[in-house]
Structure formats: C-alpha cells, structure tokens
Amino acid sequence: MAVAAATALAAPLLLSASSASAHNRPDPAKDAAKLSKKLVKEASGKDAYKHLKKFQDIADSADGHRAAGSLGHDASAAYVYSLLKKAGYDVSYDSFEFTYIETQAETLKVTAPTPRDSEITAMSYTKSTPVGGIEAGLAVVPVDATTGCEATDYAAGAFTGKIALIQRGGCDFATKQQMAAGAGAVAAIVSNNTEGALSGTLGDPAAGRIPTGGITQAEGAKLAAEAAAGPVTVSLDIRQLQEKRTTRNVIAETKGGNAANTVMLGSHLDSVTEGAGINDNASGSAGLLEVALDLAKSREKTANKVRFAWWSAEELGLLGAEDYVKGLSPEQAEQIKLYLNFDMIASPNFGQFVYDGDDSDAVGAGPGPEGSAQLEKGITDFLDSKNYPHEGTDFTGRSDYGPFIEIGIPSGGTFTGAEGIKTEAQAAKFGGEAGAAYDPCYHAACDNLDNINKEAFDVNIDVIAHAVGQYAHDLSALTAKAKTQTLAKAERTTGGDTGVGASNAHDHEHTHETRS
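Quick caveat: nothing in here was measured; it's all calculated off a predicted structure.

Asker: When you look at the overall build of the protein chain in this model, what are you seeing that I'm missing?
Answerer: Per the secondary structure count, the protein chain includes 15 helices and 14 strands. In the protein chain, which comprises 516 residues, the proportion classed as buried is 55%. A fraction of 83% describes how many contacts in the protein chain between residues 6 or more apart in sequence connect residues 24 or more apart. Of the roughly 20,700 Å² that the protein chain leaves accessible, carbon and sulfur atoms contribute 53%.

Below, the structure written as structure tokens:
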C-alpha cells in the first residue's frame, strides 16, 4: 500500500513536469511571428535614410562614385563593417581580385549622309578605340532569332573595315562582337531589342576583341533604316581603363543560431563609375544594414544562423557573389537554406516586383530551385497583408541571386525597376508616370539622394524585416507544398494585364550581363 500511495502521489508531479516541458518547448512559428512583427515595427525607411546620406557623402568625397576597387567602395565597406562589428556580429571581409574598369569615352556620331549625334554605352571589358575614335562605314547584320551569333550571319567581305550593327538576342554580347571581329569588323554596336538603354558586359577582359557599345532599340532601328537607304558612315569613340585591383565583400552573421540552418540575405554595395549609385544599390544595402542593426538591437537568440552580405563588383558581372559561392565547400553550401536578394528597392518611378520563384508568369527563365516558390509566396503574402500591390519579375541571372540559384539554393527577393518603361496598367496600380523609366537615372550621375522614392524604400525595408524575422526562427515554409501563384496574381491584377509586370520588370532589370 505504501508503494502504491507513493506512486499515486508521484504521478501528478510527473504529469506536471511533462506539461511544463511541453509548455517550454520552442514554438518556431510563434517565435517567428513575434520577431517579424517586432522588426517590421522597428525598421523604417526614415532610419535607413541616414545610411543613404552616408553613402552619398562617401561618393562626394571620392570622385563621385563607389565603384568596386575605388576609395568610394572601400569607405562604404568600412562603414558597413564598423557598424555591424559594433552591433555584435561576427564580421569579415571576403577579398578577391578583379579587373577594374572605368569608361573614359563613349560617343557615337553619324557623319554621313546626315550628321547627327547619338548616345552609346560602352560594354564592360570592351576593347578601346584610339584616342579620337574611329570612323567607318556601317554594316547591318540581318535580323533573325540569333542575330550575329554565327559566322554565316556576316556576308563575306561585307564587314571588312566596317562597324557592325547587331541586334540584341540569341547569344551573349561577347559572341556577337567576336563573330563581327572574325568577319573583319573594326567595331560593334549592339542595339537593344526592347525599350530602354542597353548597358552590357562582355563578361571577361579576355573576351574583348573589338570596341563594342550598346544603343537603344529606337536608335538601332533608325540606323538600320538609314543604312537600307544608302551608305552610312559613323564615328565611334569608346575607351576604357582596365587594370587589376582587389576589392572585398562584407559578410556578417549572428554569433548564435544553428549553422546547419543558415539564412542568407544580400545586396550589392558597389556603384558604377558614372555616379554615387544611391538607388543602385545603396538602397538595398542601406535597407539590409538597418534591419541587421535592428535584429542585433533586439538581442534575439535566433534558432537559425542569419548571415548578411554586401557584395562588391556586382556591376561588373556579379563577381563578388560568384567568388563567394565558388569558395563554399559542399558542406557550407548545404548549410545555406535560402538566399534573398535586394537590388534597387527605391526606384523613383517604381514598380513593386517580386522574383517569380514558381515561374507562374511563364516569362524568361524557369522556376528557381525548390523552395523558391515558397520564398515568393512569403513575400507576396506579406505585401498582401499590408495591401501593397505587386507583380512578378523573372530570374534573369542579372543580380546576385544568380550564383546561388546555379548551385541549387532557394532564392527570392524584391526589385523596383531599372531603365524599363512603366506601363499604363502599372501606373494605375503603383502610381507614377506611364511611359517613363522606373529609374530614369539608372547607371547615371543623377542617381543621388534625389533619386529615391521613400515610399518604395520603406515598403521594401518592411519586406526585409519580415523575412529576417520569419526565417531566423522558422524554415517550415520552405518545405510546405508549393501552390502556384498564378490564380492569386490574376485576382490581384486589374485590367487583365496578368504577366505584364513580369515581362517589363525582367526585360529591363540590370543589363550588366553576358547574355544577350
């Protein structure tokens, strides 16, 4: 009886202990919701704006830009590093060598039959013309699905000593100028095949064969029409400094959290040499920095390790992100459960674009790696909860998510538009001016503090804050059954323009790319 009584007395205590244990068991979804709400409340465009001002001040004191390999970028990286170190992160520099480029001349003039000036943008890693340029007749490559991509596109003798006019599409820019050079052309002009300027790269210093630049679709059509009517002579002056330099990414991660479940977010910190790059991409860098500082301030012990990256040399072909990913061991790559990218999040005539992880827009590239659809849904659900309209944008590989997708890491993020043209339907949805570029100062000197839409900036910082809070504790959404976004997008889109945003956004995203 005594033993039975003791057992009976002990039973409630055991049950109580069991209940207490269950009560104290971590609840990832609850912890995620709590932290997300806290970070969204704390993070704001107003607070992040001080980082934009700092980046502008740095550019103003360093030749007007923050390009990789320059004093402006070095100072920007040091600013980010120091704040994160002081906040308590494990911070490191990830250094790598690259070829620094700085365009010294880029002019195009029609000298005959009717003289006029035109605009051209030098391709990154182009060969240079002599000082003063070269003058030669224009030879137009016939247009087909792979214009200028095969040697047979260039009639024998027709391009010898000429400047080749080639339409974009079908292969990368390096191949086009290589084929033109093989046909005897002394230079190449690539015209866009969609609205907006064309700012491209040949991908590698060794790829450049002849001076090469990009022009708009309208200018290409005008030149082709003039050449069809009779001989056209043009003068082209493209010169570019190229030299080996060292630059560095800034990588910061929480001291705690399960490294086997690493959550990664990034933005590129470098600008082009033409300007300070405040929208492209001080905006993403400042937003990411502010959320990282707010996470540190919260003193939250996250279940998962959170890693932030500020990439260098994105403008030269995603070099910083590519170097980082290339340096990962298979085990390190396996630890990264997702990557979210924020590049240009405050375009003055913005569209709110979310990377199309499930390819429900059926534009361009296919879906991202498994889990990307869920990352898209996480962002769109958040935007819907705040009544912020949005559209999809394709994974074109033109920003720093590219290397992560290539090794199978689920990816996503937001973007507010570059030199692409806003449609009437998008103006009705987002506000702003139809028929004008999302960012009229894309890759230009006017990309300064006046080139920021504070509303878009604030919205996208909320997106970053929500994502950090969510995935710092809970990754279950990544393995939830994916549901296509198509129906939901159609319901949100007015005027029957489903997919319009995807097309416009992706076609005019960063065109610093090797693909045509």
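From this point, the discussion proceeds with the structure in view.
Asker: Mind showing me how you'd approach the environment of Ala 62 here?
Answerer: Positionally, Ala 62 belongs in the loop between α3 (45-60) and α4 (71-87). The exposure class of Ala 62 is buried, given its relative accessible area of 10%. Put simply, Ala 62 and Ala 276 are 214 residues apart on the chain and 9.4 Å apart in space, counted from C-alpha to C-alpha. In contact with Ala 62, other than residues within four places in its own chain, are Leu 71 and Gly 72.

Asker: I keep staring at the state of the cysteines and nothing clicks. Help me out?
Answerer: Put plainly, two cysteines are in a disulfide when a covalent bond ties their sulfur atoms together. Inspection of the entire model under this criterion finds two disulfides. In this model Cys 149 forms its disulfide with Cys 171; the gap between the sulfur atoms is 2.1 Å. Taking the sign of the S-S torsion, about -95 degrees here, the bridge from Cys 149 to Cys 171 comes out left-handed. In this pair, Cys 149 sits in the loop between β4 (134-140) and β5 (163-167) while Cys 171 sits in the loop between β5 and α5 (173-182), placing the two residues 22 residues apart along the sequence. Judged by relative accessible area, which is 9%, Cys 149 ranks as buried. A disulfide bridge connects Cys 441 with Cys 446, and the sulfur atoms are separated by 2.1 Å. The sign of the -115 degrees torsion about the S-S bond sets the Cys 441-Cys 446 disulfide as left-handed.

Asker: Please clarify how the nonpolar core should be interpreted in this entry.
Answerer: One broad rule of soluble globular proteins: the nonpolar side chains tend to lie buried together. Counting residues in hydrophobic clusters, the biggest one holds 56 residues, and the most contacted among them are Phe 55, Val 80, Leu 84, Leu 265, Phe 308, Trp 310 and Leu 340. With ten residues, helix α13 (residues 454-473) is the largest single contributor of residues to this core. With near-sequence residues (within four places) excluded, Leu 340 lies in contact with Met 264, Leu 265, Gly 266, Leu 375, Ile 379, Gly 412, Gly 413, Ala 467 and Tyr 471. Membership of the second largest hydrophobic core comes to 22 residues, among which are Val 325, Ile 336, Tyr 401 and Phe 404.

Asker: Is there a simple way to think about the packing of α3 against α4 in this case?
Answerer: To describe two helices that pack against each other, one gives the angle between their axes and the distance between the axes. Look at α3 against α4: their axes get within 9 Å of each other, and the N-to-C directions meet at 150 degrees. By the criterion of interaxial angle, the relationship of α3 to α4 is roughly antiparallel. Every pair of crossing elements has a handedness; the one defined by α3 and α4 is right-handed. Between α3 and α4, the contacting residues are Lys 50, His 51, Lys 54, Phe 55 and Ile 58 on the first element and Gly 72, Ala 75, Ser 76, Tyr 79, Val 80 and Leu 83 on the second. Grouping the amino acids of the contact of α3 with α4 by side-chain chemistry returns six nonpolar, three polar and two charged.

Asker: What am I meant to see in the pairing of β5 here?
Answerer: Of all five residues in β5, four are buried; the element is thus mostly enclosed. Relative to β5, β4 is paired through three bridges, and the arrangement is parallel. Following the sheet pairing, Leu 138 is matched in β5 by Ile 163. Relative to strand β6 (residues 187-191), β5 is paired through five bridges, and the arrangement is parallel. In the sheet register, Ala 164 faces β6, and the bridge partner there is Ala 188. Crossover β5 to β6 through α5 is right-handed.

Asker: I tried to follow the packing of α3 against helix α7 (residues 278-298) on my own but got confused; where do I start?
Answerer: Interhelical geometry of α3 versus α7 gives an angle of 135 degrees and a closest axis separation of 8 Å. The angle between the axes of α3 and α7 places the two elements in the oblique class. Seen along the crossing, α3 lies across α7 with a hand that is right-handed. Contacts from Asp 47, Ala 48, Lys 50, His 51, Leu 52, Phe 55 and Gln 56 of α3 reach α7 at Ile 278, Ala 282, Ser 283, Ser 285, Ala 286, Leu 289, Glu 290 and Leu 293. In terms of residue class, the contact of α3 with α7 is made up of eight nonpolar, four polar and three charged.

Asker: What am I meant to see in the pattern of salt bridges here?
Answerer: Two side chains bearing opposite charge may form a pair once their charged atoms approach each other closely. What the rule picks out here adds up to twelve salt bridges. For Arg 116, the salt bridge is made with Glu 226, and the minimal N-O distance between the two is 3.0 Å. In this pair, Arg 116 is assigned in strand β2 (residues 116-118) and Glu 226 in helix α6 (residues 217-229), connecting sequence segments 110 residues apart. One salt-bridge network, held together by shared partners, links Arg 116, Glu 219 and Glu 226.

Asker: Can you help me understand the packing of aromatic side chains in this one?
Answerer: The geometry of an aromatic ring pair comes down to the distance between the two centres and the angle between the two planes. One pass over the structure, following the stated rule, counts 18 aromatic pairs. With centroids separated by 6.2 Å and ring planes inclined at 35 degrees, the aromatic side chains of Phe 353 and Phe 415 adopt a geometry described as tilted. With Phe 353 in strand β12 (residues 353-355) and Phe 415 in strand β14 (residues 411-415), this pair connects stretches of sequence that are 62 residues apart. A single burial state applies to Phe 353 and to Phe 415, both of which are buried.

Asker: Which parts of the structure should I look at to understand α5?
Answerer: Working note: α-helix, 3.6 residues per turn, so residues spaced by three or four point in the same direction. Buried within α5 are the following residues: Phe 173, Ala 174, Lys 176, Gln 177, Ala 180 and Ala 181. With its buried residues spanning 165 degrees around the axis, α5 presents them on a single face. As for α5, its buried residues are in contact with β5, β6 and β7 (212-215). The backbone nitrogen of Ala 174 lies 3.3 Å from a side-chain oxygen of the residue at the head of α5, namely Asp 172. Immediately downstream of α5, the backbone of Gly 184 shows phi near 100 degrees, a positive value.

Here is what the cut-offs are and how they apply
- Residues numbered from 1 in each chain as written.
- Predicted model: local features only at pLDDT ≥ 70, side-chain atom pairs only at ≥ 80, totals over all residues.
- Heavy atoms only, no water.
- Helix = DSSP H or I, 4+ residues; strand = E, 2+ residues; numbered from the N terminus.
- Buried < 20%, exposed > 50% of the residue type's maximum accessible area, 1.4 Å probe, protein only.
- Contact = heavy atoms within 4.5 Å.
- Areas by Shrake-Rupley, 256 points an atom, 1.4 Å probe, with all protein chains shown as cover.
- Disulfide = S-S within 2.5 Å.
- Core = buried A, V, L, I, M, F, W, Y, C linked by side-chain atoms within 4.5 Å.
- Axes fitted to C-alpha atoms, helices over the stretch in contact; angles between N-to-C directions.
- Parallel < 35°, antiparallel > 145°, perpendicular 65-115°, else oblique.
- Left-handed = near helix turned anticlockwise from the far one by under 90°.
- Nonpolar A, V, L, I, M, F, W, Y, C, P; charged D, E, K, R; others polar.
- Pairing = 2+ DSSP bridges.
- Right-handed = clockwise from strand over helix to strand, strands pointing away.
- Salt bridge = Lys/Arg side-chain N within 4 Å of Asp/Glu carboxyl O.
- Phe/Tyr/Trp six-rings, centres within 6.5 Å; stacked < 30°, edge-to-face > 60°.
- Arc of directions from axis to C-beta.
- Polar contact = N/O pair within 3.5 Å; in protein donor to acceptor, adjacent residues only side chain to side chain.

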